[in-house]
Amino acid sequence: MKKFETLTSRVVPLPIENIDTDQIIPARFLKATTREGFGDNLFRDWRYDSNNQPKADFVMNNPTYSGKILVAGKNFGCGSSREHAAWAIEDYGFDVVISSFFADIFKGNALNNGVLPITVPEAFLEKIFDTVFANPNTELTVNLEAQTVTINETGDSFVFEINPYKKSCLINGYDDIDYILSQKELIEEFEQTRPFSYYRQ
């Protein structure tokens, strides 16, 4: 995974609550076994009509809004546990998703795939929406080390929570296997001190 430290970006606002994983990536697109290409079908049924033409009223088809940060309504990622939802978001180009509540399985899948889900209070979420709709050029700055998300235009900031292990993985660009490999020397040192260790035979 790529390293994540600080991101400053414009925002794609999606103020819809209870967005489930079938809306994020419909089940008919789950046949692929690799992660590439899922971004093409992110929010497929909202982005395109039955003739595969972009729907002008959907925010991702509106050139006014762009960026690497998706801001969504409460209860994002509910429904089935498909990891493909995180794949689609990452493949489309979003590095961060902000909401006032995430489904736990989606949150874990996002973190495991290099997407940072940030939970903020509903009042702060509404402030983001209000600022972005008033000025689509509004940028947010996400500082993972400090665990802050800031609305640059207003200066409003919030300190978010994140699992320390997952924070370390994102900062270093590690998935779980990369992290284990990064601890190889410590693991070998521990094995040397263990009775009946393979390394001591």
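In this text, all values refer to a predicted model and were calculated from it rather than measured experimentally.

1. Some details on the overall build of the protein
Counting its secondary structure elements, the protein contains eight helices and seven strands. Across the 201 residues that make up the protein, the buried fraction comes to 43%. Taking all contacts inside the protein whose residues are at least 6 apart in sequence as the whole, residues at least 24 apart take part in 63%. Roughly 10800 Å² of accessible area belongs to the protein as shown, and the carbon and sulfur atoms make up 50% of that amount.

2. Describing the packing of aromatic side chains
As enumerated under the stated definition, the model contains 11 aromatic pairs in all. A network of ring pairs unites the aromatic residues F43, W46 and F58 as a single cluster. Above the face of the Y48 ring, R44 is positioned so that its terminal group lies 4.3 Å from the ring centre.

3. Observations regarding the pairing of strand β2 (residues 69-72)
Burial of β2 is two-sided: the residues I69 and V71 facing one way and the residues L70 and A72 facing the other way are all buried. Pairing analysis gives four bridges linking strand β1 (residues 6-14) to β2, with the strands arranged parallel. Residue pairing for β2: V11 is matched across the bridge by I69. Sheet topology places β2 next to strand β3 (residues 96-99); three bridges connect them, and they run parallel. Its bridge partner lying in β3, I69 is registered against V96. Handedness of the crossover joining β2 and β3 through helix α3 (residues 84-92): right-handed.

4. Points about helix α6 (residues 164-172)
Of all the residues in α6, the buried ones are K166, K167, C169, L170 and I171. At the N-terminal end of α6, a side-chain oxygen is found 2.8 Å from the backbone nitrogen of Y165, two or three residues along, and the residue is N163. G173, located one to two residues past α6, shows a positive phi value of around 75°.

5. Describing the pattern of salt bridges
Within the structure shown, the criterion is met by five salt bridges. A salt bridge links D95 to K2, with the nearest nitrogen and oxygen atoms 2.9 Å apart. Note that D95 is positioned in the loop between α3 and β3 and K2 in the segment before β1, a separation of 93 residues in sequence. The partner of K127 in a salt bridge is D156, with the nearest N and O atoms 3.6 Å apart. In this pair, K127 sits in helix α5 (residues 122-134) while D156 sits in the loop between β6 (148-151) and β7 (157-159), placing the two residues 29 residues apart along the sequence.

6. So, the side chain of K166
Relative to the assigned elements, K166 resides in helix α6. Residue K166 is classed as buried on the basis of its relative accessible area of 14%. At 2.4 Å, the side chain of K166 forms a polar contact with the side chain of N112.

Quick notes on the rules
- Residues numbered from 1 in each chain as written.
- Predicted model: local features only at pLDDT ≥ 70, side-chain atom pairs only at ≥ 80, totals over all residues.
- Heavy atoms only, no water.
- Helix = DSSP H or I, 4+ residues; strand = E, 2+ residues; numbered from the N terminus.
- Buried < 20%, exposed > 50% of the residue type's maximum accessible area, 1.4 Å probe, protein only.
- Contact = heavy atoms within 4.5 Å.
- Areas by Shrake-Rupley, 256 points an atom, 1.4 Å probe, with all protein chains shown as cover.
- Phe/Tyr/Trp six-rings, centres within 6.5 Å; stacked < 30°, edge-to-face > 60°.
- Lys NZ or Arg CZ within 6 Å of the ring centre and 35° of its normal.
- Pairing = 2+ DSSP bridges.
- Right-handed = clockwise from strand over helix to strand, strands pointing away.
- Polar contact = N/O pair within 3.5 Å; in protein donor to acceptor, adjacent residues only side chain to side chain.
- Salt bridge = Lys/Arg side-chain N within 4 Å of Asp/Glu carboxyl O.

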